[in-house]
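Chain residues, written in single-letter form:
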Amino acid sequence: MFELIKDDIDNIKKVVFVTGAGISQESGIPTFRGKDGLWRNHDAMKLATIDAFYNNPKLVWEWYNERRANIFAAKPNPGHRAIAELEKYVKVVVLTQNIDGLHQKAGSSQVLELHGSIIKIKCSVCDFKEETTYEISKVPPLCRCGNILRPDVVWFGESLPQDVWQKAMVLASQCDLMIIVGTSLVVSPANTLPIYAKQNNALLIEINPENTEMSSEMDLIIRNTSAISLPKFVTLFKKN
Ligand code: APR
């Protein structure tokens with residue numbers, strides 16, 4: 001599977017992972033654009049928007065409550081655990097588009113959440129923020145200032161937290177190897193991270209059962225799932 005890089009392993013010191021919904025698919029969390037990207041016949045992409053939230057905050061909160069319950073019950077899978085284990089051998093950073101916290105649960109210590117986190121909520125008006133894992137029974141929840149609370153995640157049309165994005169670009173530009181796992185690479189600016197890595201002569205590996213927008217840019221393509229491929233990748237380092 002990783003024959004192409006077997007002999008280069010000793011030169012790999014800094015690995016950056018760019019992960020998406022696909023790496024959590026084997027933990028039972030649906031992806032956005034796959035066949036399971038629907039919720040009560042709503043297109044997930046149409047719910048994860050600021051317009052959907054202001055048009056129907058109750059519906060969006062019902063969706064997020066269901067996602068929260070699903071995510072809080074989910075466990076990291078062998079793919080998440082392999083990335084965490086790799087920290088024993090090289091410097092690892094995870095730039096994730098996921099909001100499920102499974103990389104951290106698996107033990108990864110350097111994780112940047114580009115699109116926020118499902119446990120975080122914030123006021124749509126004042127600067128109130130909170131981390132919650134309890135079920136939000138009355139939806140939409142109200143802030144003490146009287147305005148509605150929202151999930152502290154990045155919706156379509158919103159910009160990423162600037163400090164997080166700046167750090168992600170720098171890390172992508174400094175790695176020896178970038179592994180792009182479980183993402184269709186259709187959403188920007190996360191999908192520009194492989195370009196920063198390539199501009200700095202990093203090796204690019206794509207792990208995805210399907211083709212992506214950037215498959216042609218990759219040095220190595222593993223057409224398999226992350227839970228199968230990533231543990232195999234880590235064994236390359238164990239032999240050294
Ligand atoms: N292992 C690896 N890859 C997988 C697996 C798996 N077991 N199952 C599915 N995939 C791949 C799919 O082939 C697809 O390319 O994961 C990718 C999931 O793509 P999307 O559903 O588009 O998810 P993602 O790329 O994370 O979306 C990016 O868009 O909706 C927004 O904010 C949301 O963070 C999300 C962003």
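Residues numbered from 1 in each chain as written. Predicted model: local features only at pLDDT ≥ 70, side-chain atom pairs only at ≥ 80, totals over all residues. Heavy atoms only, no water.

Participant: Quick question: what am I supposed to make of the site of the ligand here?
Facilitator: With respect to spatial proximity, 21 residues lie near the ligand, and among them Ala21, Arg33, Thr183, Ser184 and Asn208 are the closest. Between a nitrogen atom of the ligand and a side-chain N or O atom of glutamate 26, the distance comes to 2.9 Å. Asparagine 208 is positioned with one of its side-chain polar atoms (N or O) 2.7 Å from an oxygen atom of the ligand. Here the ligand loses 92% of its free accessible area of 730 Å² to cover by the protein chains. In terms of residue class, the shell around the ligand is built from 6 nonpolar, 12 polar and 3 charged. When residues are assigned to domains, the shell around the ligand turns out to be shared by domain 1 (1-28 + 76-115 + 160-240) and domain 2 (30-73 + 122-153), each giving three or more. (Near = heavy atom within 4 Å. Polar contact = N/O pair within 3.5 Å; in protein donor to acceptor, adjacent residues only side chain to side chain. Areas by Shrake-Rupley, 256 points an atom, 1.4 Å probe, with all protein chains shown as cover. Nonpolar A, V, L, I, M, F, W, Y, C, P; charged D, E, K, R; others polar. Domains from an automatic or database assignment.)

Participant: How do you make sense of the nonpolar core when you look at a structure like this?
Facilitator: Side chains that are nonpolar tend, in soluble globular proteins, to be buried together. Ranked by size, the top nonpolar core spans 27 residues in total, and within it Val60, Trp61, Trp63, Tyr64 and Trp155 carry the most contacts. Counting 26 residues, the second largest nonpolar core, distinct from the first, contains Leu86, Leu230, Phe233 and Val234. (Core = buried A, V, L, I, M, F, W, Y, C linked by side-chain atoms within 4.5 Å. Buried < 20%, exposed > 50% of the residue type's maximum accessible area, 1.4 Å probe, protein only.)

Participant: Just checking my understanding: could you explain the side chain of serine 215 for this structure?
Facilitator: Here serine 215 shows up in the loop between β10 (203-207) and β11 (220-222). Within the local environment of serine 215, its side chain forms a polar contact with the backbone nitrogen of threonine 212, the two atoms lying 2.7 Å apart. When neighbours within four sequence positions are excluded, serine 215 is seen to be in contact with Glu206, Ile221 and Arg223. (Helix = DSSP H or I, 4+ residues; strand = E, 2+ residues; numbered from the N terminus. Contact = heavy atoms within 4.5 Å.)

Participant: Before we go on, may I ask you to explain the packing of aromatic side chains in this structure?
Facilitator: Any two aromatic rings considered together are summarised by their centre-to-centre distance and by the angle between their planes. One pass over the full model with this rule turns up 7 aromatic pairs. Taking the centre distance of 5.3 Å and the plane angle of 75° together, the rings of phenylalanine 53 and tyrosine 54 count as edge-to-face. Through successive ring pairs, a cluster of aromatic residues spans Phe53, Tyr54, Trp63, Tyr64 and Trp155. (Phe/Tyr/Trp six-rings, centres within 6.5 Å; stacked < 30°, edge-to-face > 60°.)

Participant: Can you walk me through the sheet that holds strand β5 (residues 111-113) in this structure?
Facilitator: Backbone hydrogen bonds are what pair the strands of a sheet, in a parallel or an antiparallel way. Spatially, β5-β4-β1-β9-β10-β11 is the arrangement adopted by the 6 strands of the open sheet, whose pairing is parallel. Looking at the sheet topology across the chains shown, the edges are occupied by β5 and β11. For this sheet, the mean angle separating the axes of adjacent strands, direction not counted, is 15°. As paired elements, strand β4 (residues 91-96) and β5 share 3 bridges and run parallel to each other. Its bridge partner lying in β5, threonine 96 is registered against glutamate 113. Against the sheet, helix α8 (residues 162-174) engages β1 (14-19), β4, β5 and β9 (177-181), with an angle of about 135° to β5. (Pairing = 2+ DSSP bridges. Axes fitted to C-alpha atoms, helices over the stretch in contact; angles between N-to-C directions.)

Participant: Where do I start with the sheet that holds strand β7 (residues 129-131) in this structure?
Facilitator: Pairing is antiparallel across the open sheet formed by 3 strands, whose spatial order is β7-β6-β8. Lying at the two open borders of the sheet, with one neighbouring strand each, are β7 and β8 (149-153). Strand-to-strand, the axes of this sheet are offset by a mean angle of 35°, without reference to chain direction. Of the strand pairs in this sheet, strand β6 (residues 116-123) and β8 are connected by 4 bridges, and their pairing is antiparallel. Looking across to β8, one finds that cysteine 123 is bridged to leucine 149. Sitting on the sheet, helix α5 (residues 57-73) touches β6 and β8, and the angle it makes with β6 is about 140°.

Participant: When you look at the domain arrangement of the protein in this model, what are you seeing that I'm missing?
Facilitator: How big an interface is tends to be reported as the loss of accessible area on association of its parts. Entries for the protein in the domain assignment read domain 1 (1-28 + 76-115 + 160-240) and domain 2 (30-73 + 122-153). Here the C-alpha centre of domain 2 lies 27 Å away from the C-alpha centre of domain 1. Counting from both sides, the interface comprises 11 residues of domain 1 and, opposite them, 11 residues of domain 2. Where domain 1 abuts domain 2, roughly 790 Å² becomes buried across the two surfaces, and 61% of that area is made up of carbon and sulfur atoms. The largest share of the area that domain 1 buries against domain 2 comes from Ala21, Gly28 and Ile99, three residues that together contribute 43% of it. Residue composition of the side of domain 1 that touches domain 2, by class: 4 nonpolar, 5 polar and 2 charged. (Buried area = accessible area lost by both parts, 1.4 Å probe.)

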